Amino acid sequence: MPAEIYLNVAISGLLTGLVYGLMALGLSVIFGVVRVVNFAHGEMMTIAMYLAVALFASFKLDPLLMLLPIAGVLFLLGYAMQNWLITPFINRPEHAQFMLLIAVAIIMVNGLLIVFGPDAQNVQTSYSFDSFAIGPLIIDATKVYAGLAAIVVAAALFAFFKFSLTGKAIRACADNYTGALVVGLDVRRLYALTFGLGAACVGAAGAILVLIIDVTPPLGPAFTLLAFIIVIVGGLGSMPGALLGGVLIGVTEALAGLLFTPSAKSMFAFAILVLVLLFRPEGIMGKRAS
Amino acid sequence: MMGRLTQGVPRRILIALAVLLAVLLLAPWVANDYVLTVLILILYFAYTGQAWNIMMGFAGQLSLGHALYVGLGAYTTAALYVHFGVSPWLGLPVAIVIAAMAGAFIGYLAFRFGVTGVYFAILTIAFCEFARIGFDHFRWVSGSSGFFLPVANYTRNDLWNLRGSPAMFYYVMLALTVVAFLICHWLLRSRIGYFWQAIREDEMAAKTLGIDTFRYKMIAVVISASMTSVAGMFFAFYYNNLFPEQVFHISRSIELILGPIIGGIGTLFGPIIGAIVLTGLAESIFELLSALGWTPPGARQVFYGVCLLIVVMLLPDGIWPPLARKLGLDKSRDKTER
Amino acid sequence: MAALLEVANVSKNFSGLRAVSDVTFAVPRGVIFAVIGPNGAGKTTLFNMIAGVFRPNAGTIVFDGERIDGEPPEQVCRRGIGRTFQLVRPFSGLSVEDNVMVGALHRRHDVTAARAHARDVLARLDLFDKREQPAGSLTLPDRKRLEVARALATDPKLLLLDEVMAGLRPTETDRMVDILTRINRESGLTILLIEHVMRAVMSLASRVLVLHHGAAIAEGTPQAVVRDPAVVESYLGAEAL
């Protein structure tokens, strides 16, 4: 095979990987602050994807334009989940939290199944078949827009945590829970806000991803797993790590699909996960756990 | 042996258990096929729940990939039967060894490299996914197109080859569940059971009391994996078809651990109560929705999820611990506190 | 007869910081030996090296005639060293008796024999009546004694106690002192303790080692040590005299 094909596939994987990274960023933010593993993460993304599909089918609204409203809806969902469902579970053992979120995930997957049915759905925009030719490379326009959108949303989130007062307060909560309580931060509200932000991330990622991938209800659990892999590979709690992990997994999957059979794609993602768990458990960009 | 087994157990509990066992033994004579199927399902989940509970409930190691051991047991016994005509009971030791080795391998990697908690759970998922993809391409057992056991109309039950009526499968599963219960009961009250619980509660403190925690965690994984693989044999010969996509799917692993968590993790009766409640719940939701004539795909699971949510929120320790307190059993040696 | 525990020229660094520096001492059989020193003097680090949590950067630790430095905690316990933690770590979900059972099963394979031993130890620690309570529901003094009971149940030749008096009221301290004295006298158990509560040290220990900034600055009888000018200056100050 000529080298351009590899490069084409790798770039396509990289752009998709940026969207994966944005999705994983949501999981990382939630875990980094609230210390709860969101086992319904992929399911929340499929909700966003179906929202985008429905808006497009009914009103011809482009998912990229709907990115903010969809992220907003998911923010509210995340805020509500944290505030009413998860708060009582904050100090419960891991398996209890797992159980709670599995129940939520089951409800989400099957709720979508009732509303939208089992068939794959997608969005065909006017630019679905456009592409950019750069030298010998041909890159899907859709994927370029998707990758750019993911970078913009991620950058906005970075800026929020770095510069805004609320973002700083949330980071303080993550670093020192007791300290945050002592200085009078409203931890419960900040946690809900964080969960909302994580959900907004995954909502934005869903709105973008629907341009690239067909959506079906059972996609949820698969994406939950993928988000875990990315976050652990990149480094739990590290925001750049999530993006980097997303890109790494995106490129690996794309190349593995080309070199081997597409069905073996996730095997390579899991192989990377196992290697990272064994030899660099803190992840590529993570700090050594205490 | 019997004396040691029943020592310290209140008499009324022994009587209740005896009555329950008698009812279960007589059930096939009165129950119709549907009820029998539901009972088999309950016993199946009670069995696998107990096997998983050894690892998580007793020794504190959260596995979310137990479908791996079910699948290895199922594929090993089924392949030996289909290709060589080996009785599942003779194939079973082979299956157990394979599952135990898989468990030992994962355990060794995790415990030697210090992979714990959520990370350990995700590692177990990863290996289950490896198996799923691997079996998808495993020609000898027909890969992703599915592996089938020959089905015919059997004039009589062939226990040796596990071919026969639901009643036979029922008794097999009942026997397995009872044996698993006795094993768990014995393990929990033995030296190893105390060491496991110490590790579950605080691994560092367990070490300073001289416990070789690596060794005991390994034993927990190996026993749990071995027992789970036996359920795999049942699965293969009861359902007669195996698809990697279904057998090794993460939802298999999850449905297997819901029972013990809902019932009460780390307790002896929790996995059994959990299996009864969850299977009963799923079936009654199905019946209810059918009666109402509203049966779109997914409806059943949504109600199931809602019920699950309510149970988790209302009973943080699961069903058994508060029930045990109500029955005045909290001083029994059944470790209910978590 | 040689000392039970011989610590020779032991040092430990944490990322360049010297936590324990060239410490040497010996604990004879059958005595109660105390290590004192201000916070951050390296007492707990020293303990953790003896108990197998840390490997020393230099020096040797010999227990009962054999080198044990660098061995893992479970091996150290097997050789006959029991320990408690400064911040108690009971198995909260288990009953008091089952906590002690875990220790008792260390040298006993039979559960019934271990239970008898556990109850015996519980009685010695005034915990017998509370044996069916979950360990997590005990008060701090009870948890401290449970910690001692659990370590004692492993039949150690040497018991390491890491600030078992800390946080106890004076009456509770006296009770603990009585219990430890009785155990030492009745069974001849050697005890090495880290302690802040000087009252307890003075009445318990027959020998005291003083650590300061990771180094041993004095060793001797409690009476001699508290009069040592170096100790007075660096640690005890005016308040103790």
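All chains use their own residue numbering, which begins from 1 and follows the written sequence. Key to labels: chains lettered from A, ligands numbered from 1, both in the order written. Two thresholds apply to this predicted model, a pLDDT of at least 70 for residue-level local features and 80 or more for giving and counting side-chain atom pairs, whereas whole-chain, interface and lining totals are computed over all residues. Here the side-chain values reflect all heavy atoms present in the structure, with hydrogen atoms and water set aside.

Let us look at the sheet that holds strand β2 (residues 17-27) of chain C. Residue and element names in this part refer to chain C. Taken in spatial order, the four strands of this open sheet run β2-β1-β4-β5, and their pairing is antiparallel. Both outer strands of the open sheet, β2 and β5 (66-67), are each paired with one neighbouring strand and no more. Pairing of strand β4 (residues 58-63) with β5, which is carried by two bridges, proceeds in the antiparallel orientation. Across the sheet, V62 pairs through a bridge with R67, a residue of β5. Contact criterion: two residues are considered in contact whenever any of their non-hydrogen atoms come within 4.5 Å of each other. Angular values range over 0 to 180 degrees, each being the angle between N-to-C directions of two axes fitted as lines to C-alpha atoms, with helices fitted over their stretch in contact. Strands are runs of DSSP state E lasting at least 2 residues, helices are runs of H or I lasting at least 4, and numbering of each runs from the N terminus. The strands touched by helix α1 (residues 43-50) are β1 (5-14), β2 and β4; relative to β1, the strand with the most contacts, the crossing angle is about 115°. Think of it this way: DSSP has to see at least two bridges between two strands before they count as a pair.

Let us look at the layout of surface pockets. Space left empty within the atom packing is revealed by a probe, the size of a water molecule, rolled over the atoms. Lining residues are those with an atom within 4 Å of a point, where the points come from a 1 Å grid over the protein atoms alone and group into cavities, where a 1.4 Å probe fits but cannot get out, or pockets, open sets with protein on both sides within 12 Å along at least five of seven lines. Grid points are joined across faces, edges and corners, and a volume is the space filled by probe spheres set on the points. What the largest pocket holds in volume is close to 1500 Å³. Residue lining of the largest pocket: 49 residues in total, with A:I106, B:S251, B:R252, B:E255 and B:Q301 positioned closest to the centre. Counting residues per element, the lining of the largest pocket draws most heavily on helix α12 (residues 250-263) of chain B, at nine residues. Among the residues making up the lining of the largest pocket, the classes are represented as 33 nonpolar, 10 polar and six charged. Amino acids are sorted into nonpolar (Ala, Val, Leu, Ile, Met, Phe, Trp, Tyr, Cys and Pro), charged (Asp, Glu, Lys and Arg) and polar (every other residue, Gly among them).

The next thing to look at is the pattern of salt bridges. Residues and elements named next belong to chain C. Any carboxyl oxygen of Asp or Glu that lies within 4 Å of a side-chain nitrogen of Lys or Arg is treated as forming a salt bridge with it. On inspection of all chains with the given rule, the structure shows 26 salt bridges over all chains. Two residues, R175 and E172, come together in a salt bridge whose shortest N-O distance is 3.7 Å. One end of the pair, R175, and the other, E172, are both in helix α6 (residues 170-187), three residues apart, so they sit about a helical turn from each other. Each residue is placed in one exposure class: buried if its accessible area under a 1.4 Å probe, protein chains only, is under 20% of its type's maximum, exposed if it is over 50%, and partly exposed if it falls in between. The exposure class of R175 is partly exposed, given its relative accessible area of 30%. What makes E172 buried here is its relative accessible area of 13%. The network of salt bridges with shared partners includes E97, D98, R115, R119 and R131.

Counting from both sides, the interface comprises 23 residues of chain B and, opposite them, 27 residues of chain C. Summed over both partners, the accessible area lost on bringing two parts together, with a 1.4 Å probe, is the buried area. Of the roughly 2300 Å² buried between chain B and chain C, counting both surfaces, carbon and sulfur atoms make up 61%. Per-residue buried area on chain B facing chain C is highest for B:R191, B:Y194 and B:L209; these three make up 31% of the total on that side. Applying the counting criterion to the chain B and chain C interface returns one salt bridge. With a closest N to O distance of 2.8 Å, C:R89 and B:D202 form a salt bridge.

With that settled, consider the sheet that holds strand β8 (residues 190-194) of chain C. All names here are of chain C. Pairing in this open sheet of six strands is mixed, and the strands run β6-β7-β8-β3-β9-β10 from one edge to the other. For this open sheet the edge positions go to β6 (81-83) and β10 (215-220), each flanked by a neighbour on one side alone. Within this sheet the neighbouring strands show an average axis-to-axis angle of 20°, counted without direction. Against the sheet, α1 touches β3 (32-36), β6, β7 (158-162), β8 and β9 (207-212), its axis set at about 145° to β8.

Another aspect to go through is the arrangement of the chains. Most contacts, when the two pairs of chains in contact are compared, are made between chains A and B. At the level of C-alpha atoms, the two units chain A and chain C stay apart, their nearest approach being 13 Å.

All names here are of chain B. Residues L21, L25, L26, W29 and V30 make up a contiguous nonpolar surface patch of roughly 580 Å² in combined accessible area. Inspection of the secondary structure assignment puts L25 in helix α2 (residues 11-30). Residue classification places L25 among the partly exposed positions, given a relative accessible area of 40%. Exposure above 30% relative accessible area and the lack of any salt bridge qualify a residue for a patch; like charges then connect within 9 Å, and the nonpolar side chains Val, Leu, Ile, Met, Phe, Trp and Tyr within 5 Å. Computed with the Shrake-Rupley method and a 1.4 Å probe, the accessible areas treat only the protein chains shown as cover for residues.

Time to look at the interface of chain B and chain A. Of the residues lining the interface, 40 residues belong to chain B; the matching set on chain A comes to 38 residues. Taken together, both faces of the contact between chain B and chain A bury some 3600 Å²; the carbon and sulfur share is 86%. In this assembly, chain B and chain A are joined by zero salt bridges. Within 3.5 Å is the distance limit for a polar contact, defined as a pair of N or O atoms, with the added protein rule that one can donate a hydrogen and the other accept it, and that residues adjacent in sequence qualify only through two side-chain atoms. Where chain B touches chain A, the interface holds zero residue pairs in polar contact (both at pLDDT 80 or more). Secondary-structure elements contributing two or more residues to the side of chain B that touches chain A are α6 (117-136), α12 and α14 (299-314) of chain B. By residue number, the principal contributor to the side of chain B that touches chain A is α6(B), which donates 12 residues. Across the side of chain B that touches chain A, the residue classes break down as 32 nonpolar, five polar and three charged.

Residue and element names in this part refer to chain C. In terms of burial, β7 is a largely internal element, five of the five residues being buried. Neither face of β7 is exposed, since L158, L160 and D162 on one face and L159 and L161 on the opposite face are all buried. Sheet topology note: the β6/β7 ladder contains three bridges and is parallel. Paired with R83 across the strands is L160, a residue of β7. Where β7 meets β8, five bridges bridge the pair, whose relative direction is parallel. Bridge pairing in β8 places L160 opposite L192. Here the term right-handed applies to a crossover when the path leading from its first strand over the helix to its second strand runs clockwise, the strands being oriented away from the viewer. In this view, the connection linking β7 to its parallel neighbour β8 by way of α6 has right-handed handedness.

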